[in-house]
Amino acid sequence: MAKRKSGIKESVVLFGDSGRLTGIFSHPKLPGSASASPSFGIVLMNAGLLHRIGPHRLNVRLARHFAGLGYPVIRFDHSGLGDSPAGLDGGAVAERRVSEVRLAMDALAEQFGLGQFVLLGICSGARVALGAALDDQRVVGMAGMEGFELRTGRYRWARLLSGEKWGRLLRGDVHTLRKLRGALKRQVGTGAASVKVSGGPEPASVASSKDQDGGRDREVLPASMAGRPVRALLNTLLNRQCQVLLAYRAGNETRFNFRLQREGDRILALGQPKGMQVAFIPEADHTFTLLSSQARLIQVLTDWMAHLSSLPFST
Amino acid sequence: MEPFFFDRGRLFGVYHPPEGKTQATAVLLCYPAGQEYMRVHRGYLNLATQLAREGFPVLRFDWFGTGDSAGELEEASLQRWRSDLRAAMGALRSRSACAHFCLLGCRLGGTLALLHAGQDAGISHLVLWEPVLDGAAYLDALGALHREQAAAYSAGPLAPDEFVGFRFGADFLDGLRALGRDRFGGLGVGMTGEGVGSSGGQGGRPAVLWVHGAGVEPAYDLGKVLKAEAFVALQSDEPAMWLKQSGVDKSLVPARTLRSVVQWLKENQE
């Protein structure tokens, strides 16, 4: 057990099969503004290959911030990432990650007597959060940061006209050439399909590719998500009153540029239905490197959490 | 692996118990700072696992203000981190029951290992992987990287104490700017100039393995300043694990170099 400022405590938790998953609980020493009985616990997932502390230690800041407000939080490493050893069962990575989020929620439930949870995920963590939220009715809120691309027509034109991308291609950048080769293979149907979550006017075209563990962060969707447009997946959550927050950088990048898509294509094709908020963070890149952008993101999340805490969740 | 908090809960570490017959030397892994810490994490885990498999007790820990340890980086300083290293040595001593210790550090972790070694007679081995020897140059390079990356998404002025997602406090910045080669004297380590696998230290003075990439000269001059007696240089032909990697494979683990480090330590046990 470790005491922290603002009256919070942290402790190591080993959970899952034979305690194989490593996590850290952050929780209030005394009741905070979330009330003596917090409405929910919070789960923070790995972002890409980074271990549980998150990009630029953002997960640690988020965990301690929300614990200081009265919410029990767990940040943990999926199997094969950080301090959690690789999974033993050889099953699909995506399915395993969703089940590990469920185990993290179970750990919070057992320790703090909680029955509802909010999931926070950045980049690939957002996609895991979505899969886990779809999988478990205990999830009452999901915040995905820089997690979902909506490939509308305007988005595709912007990418095609990207000077930076053509520059890399002309310089013979290996990574860009490989991606181009992969894209061409997909067009002629000779290679593994893309695993990006697609949405927008045209139907999703997601198929699963081979799972890979360890050093590669190959994005594979759980079976519940594969082949379905992201707007349909988010609607499933909204229809059961699970609150959704999507946060993006507010820059000029062609990728993950939600505003670009919104302005051109009447957004998200969801029209920001009830229960969903979309936020754009100024001066942010994909991992919220600038500390000012982290502070802004934390404020957005704090306001959203306060809103969630005011809702009459059914148990 | 055994994750735990120590030093009154201020610091977080992971202890790797040895497998099979326990070696005489326990190993303390010292992380670098900032983004370099993020990038080497996987490699350090790989190294710790290999060492434990060879019978070495290993502890890797997060400096105050980093990782899962308490505080924020801006509250830290080089002095505070030197104190953290002493605390980590205490934790490793109590868990390993070894009489000899190897400090292994990359970049700023190597710097702190070097500074500590002269004060601790129990340090029998040092593995220094391109330690930071010029703090001002280190900060200049970090600052340039930060400005280059931020230019893609930020038009406003940048805070001078912020470096690619991390903020150093004034004490830390002052300590880094004052860091120069004149700080590293008096270790009394051996120098042979041979390749990997040659002799270790003598009479309790640490043997040094200096790991470096192509184009980066080993600090042989530092060996002279240190009055070194056993100094081995290992050039790694793999990308440095603390640098940003591009391409599809982002495993960030220089496997061959890590195996060579483990081999050197195995072969230099008395």
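Not measured: the values here are computed from a predicted model.

Reading guide: rules and limits
Residues numbered from 1 in each chain as written. Chains lettered and ligands numbered in written order. Predicted model: local features only at pLDDT ≥ 70, side-chain atom pairs only at ≥ 80, totals over all residues. Heavy atoms only, no water. Helix = DSSP H or I, 4+ residues; strand = E, 2+ residues; numbered from the N terminus. Buried < 20%, exposed > 50% of the residue type's maximum accessible area, 1.4 Å probe, protein only. Contact = heavy atoms within 4.5 Å. Areas by Shrake-Rupley, 256 points an atom, 1.4 Å probe, with all protein chains shown as cover. Axes fitted to C-alpha atoms, helices over the stretch in contact; angles between N-to-C directions. Parallel < 35°, antiparallel > 145°, perpendicular 65-115°, else oblique. Left-handed = near helix turned anticlockwise from the far one by under 90°. Nonpolar A, V, L, I, M, F, W, Y, C, P; charged D, E, K, R; others polar. Buried area = accessible area lost by both parts, 1.4 Å probe. Salt bridge = Lys/Arg side-chain N within 4 Å of Asp/Glu carboxyl O. Polar contact = N/O pair within 3.5 Å; in protein donor to acceptor, adjacent residues only side chain to side chain. 1 Å grid on protein atoms, 1.4 Å probe; cavity = no way out; pocket = protein on both sides within 12 Å on 5 of 7 lines; lining within 4 Å. Points joined across faces, edges and corners; volume = space filled by probe spheres on them. Pairing = 2+ DSSP bridges. Phe/Tyr/Trp six-rings, centres within 6.5 Å; stacked < 30°, edge-to-face > 60°. Lys NZ or Arg CZ within 6 Å of the ring centre and 35° of its normal. Expected span 1.5 Å × (residues − 1). Arc of directions from axis to C-beta. Core = buried A, V, L, I, M, F, W, Y, C linked by side-chain atoms within 4.5 Å.

Draft legend 1. Structural detail: the overall build of chain B. Looking only at helices and strands, one finds seven helices and 10 strands in chain B. Taking all 270 residues of chain B together, 60% fall into the buried category. Taking the intrachain contacts of chain B between residues at least 6 apart in sequence as the baseline, contacts between residues at least 24 apart amount to 70%. For chain B, the computed accessible surface area is about 10,400 Å², with 48% contributed by carbon and sulfur atoms.

Draft legend 2. Representation of the overall build of chain A. Counting its secondary structure elements, chain A contains nine helices and nine strands. Taking all contacts inside chain A whose residues are at least 6 apart in sequence as the whole, residues at least 24 apart take part in 67%. For chain A, the computed accessible surface area is about 13,200 Å², with 52% contributed by carbon and sulfur atoms.

Draft legend 3. Geometry of the packing of helix α1 (residues 58-68) of chain A against helix α9 (residues 291-309) of chain A. Residue and element names in this part refer to chain A. Where α1 meets α9, the closest approach of the two axes is 11 Å, and the angle between their N-to-C directions is 40 degrees. Taken together, the axis directions place α1 and α9 in an arrangement best described as oblique. The way α1 lies across α9 gives a crossing that is right-handed. Residue-level inspection shows L58, R61, L62, H65 and F66 of α1 in contact with α9, the latter providing L291, Q294, L297, I298, L301, T302 and M305. Considering only residue class, the contact of α1 with α9 consists of eight nonpolar, three polar and one charged.

Draft legend 4. Focus on the interface of chain A and chain B. Facing 40 residues of chain A, the contacting portion of chain B comprises 41 residues. Roughly 3,100 Å² is buried in total at the junction of chain A and chain B, and carbon and sulfur atoms are behind 54% of that figure. Where chain A meets chain B, there are five salt bridges. Here D68 of chain B and R52 of chain A are joined by a salt bridge, their closest N and O atoms 2.8 Å apart. Joining chain A to chain B, the criterion identifies 17 residue pairs in polar contact (both at pLDDT 80 or more). Elements that contribute at least two residues to the side of chain A that touches chain B include exactly β1 (2-4), β2 (8-15), β3 (21-28), α1, α6 (174-188) and α9 of chain A. When residues of the side of chain A that touches chain B are assigned to their parent elements, the largest contribution, four residues, is made by β2 of chain A.

Draft legend 5. Region of interest: empty space enclosed by the protein. Residue and element names in this part refer to chain B. In this structure the tally under the stated criterion is four cavities of 30 Å³ or more. Looking at the second largest cavity, its volume works out to about 50 Å³. Lining the second largest cavity, in full, are A33, G34, Q35, E36, Y138, L142, F163, V164, F166 and F168. For the lining of the second largest cavity, the secondary-structure elements that each account for two or more residues are α1 (34-53) and α4 (135-150).

Draft legend 6. Fine view of the pairing of strand β9 (residues 207-213) of chain B. Residue and element names in this part refer to chain B. Among the seven residues of β9, seven are classified as buried, and the element is accordingly described as predominantly covered. Every second residue of β9 is oriented toward a common face, with A207, L209, V211 and G213 on one face and V208, W210 and H212 on the other, all of them buried. Where strand β6 (residues 123-129) lies against β9, five bridges are found, and the strand directions are parallel. Of the residues in β9, the one forming a bridge with L128 is W210. Strand direction decides the pairing type here: β9 and strand β10 (residues 231-236), joined by six bridges, are parallel. Bridging across to β10, L209 finds its partner in V232.

Draft legend 7. Structural view of the packing of aromatic side chains. Going through the model one piece at a time under the given rule, you end up with 16 aromatic pairs over all chains. Note on F40 of chain A and Y71 of chain A: the rings are 5.0 Å apart at their centroids and 15 degrees apart in plane angle, and the pair reads as stacked. In this pair, F40 of chain A sits in the loop between β3 and β4 (41-44) while Y71 of chain A sits in the loop between α1 and β5 (73-76), placing the two residues 31 residues apart along the sequence. Neither F40 of chain A nor Y71 of chain A differs from the other in exposure class; each is buried. Here the aromatic cluster, defined as three or more aromatic residues joined through ring pairs, consists of F61, W63, W81, F163, F168 and F172 of chain B. Here the guanidinium or amino end of R80 of chain B rests over the ring plane of F64 of chain B, the centre of that ring lying 3.8 Å away. It is R93 of chain B that lies over the ring of F101 of chain B; its NZ or CZ is 4.8 Å from the centre.

Draft legend 8. How the structure looks around α4 of chain B. Residue and element names in this part refer to chain B. Between the first and last C-alpha of α4 there are 22 Å, a value that for 16 residues agrees with the 22 Å anticipated at 1.5 Å per step. Looking at α4, one finds that the buried residues are G135, Y138, L139, L142, G143, H146 and A150. For α4, the arc enclosing every buried residue in end-on projection is 130 degrees, short of the 170-degree limit, so these residues lie on one face. Residues D140, R147 and E148 are exposed on α4 and point more than 90 degrees away from its buried face.

Draft legend 9. Focus on the side chain of E238 of chain B. All names here are of chain B. Note on placement: E238 falls in the loop between β10 and α7 (255-267). Of note is the side chain of E238, whose polar atom sits 3.2 Å from the backbone nitrogen of R256. Here T257 takes part through its side chain, which lies 2.6 Å from a polar atom of the side chain of E238. With sequence-adjacent residues up to four places away left out, E238 is seen in contact with P254, A255, R256 and T257.

Draft legend 10. Just the pattern of salt bridges, in detail. Applying the stated rule across the entire model yields 24 salt bridges over all chains. With a closest N to O distance of 3.2 Å, E54 of chain B and K266 of chain B form a salt bridge. Here the residue E54 of chain B occupies a position in the loop between α1 and β4 (58-62), and K266 of chain B occupies one in helix α7, the gap between them amounting to 212 residues. Between R256 of chain B and E238 of chain B there is a salt bridge, with the nearest N and O atoms lying 3.9 Å from each other. Of this pair, R256 of chain B sits in helix α7 while E238 of chain B sits in the loop between β10 and α7, and the two are 18 residues apart along the sequence. What makes R256 of chain B partly exposed here is its relative accessible area of 44%. A single network of salt bridges, built from pairs that share partners, joins E10, R52, R64, R75, D77 and D83 of chain A together with R60 and D68 of chain B.

Draft legend 11. Molecular detail of the nonpolar core. Among the nonpolar cores identified, the biggest contains 82 residues, and L28, W81 and F168 of chain B are the most heavily contacted of them. Broken down by element, the residue count for this core peaks at eight residues, all from helix α2 (residues 78-96) of chain B. In this view, W81 of chain B contacts A33, W63, F64, T66, L73, A76, L108, L112 and F172 of chain B; residues no more than four positions away in its chain are not counted. If you look at the next biggest cluster of nonpolar residues, it comprises 40 residues, including A104, A129, C242 and M276 of chain A.

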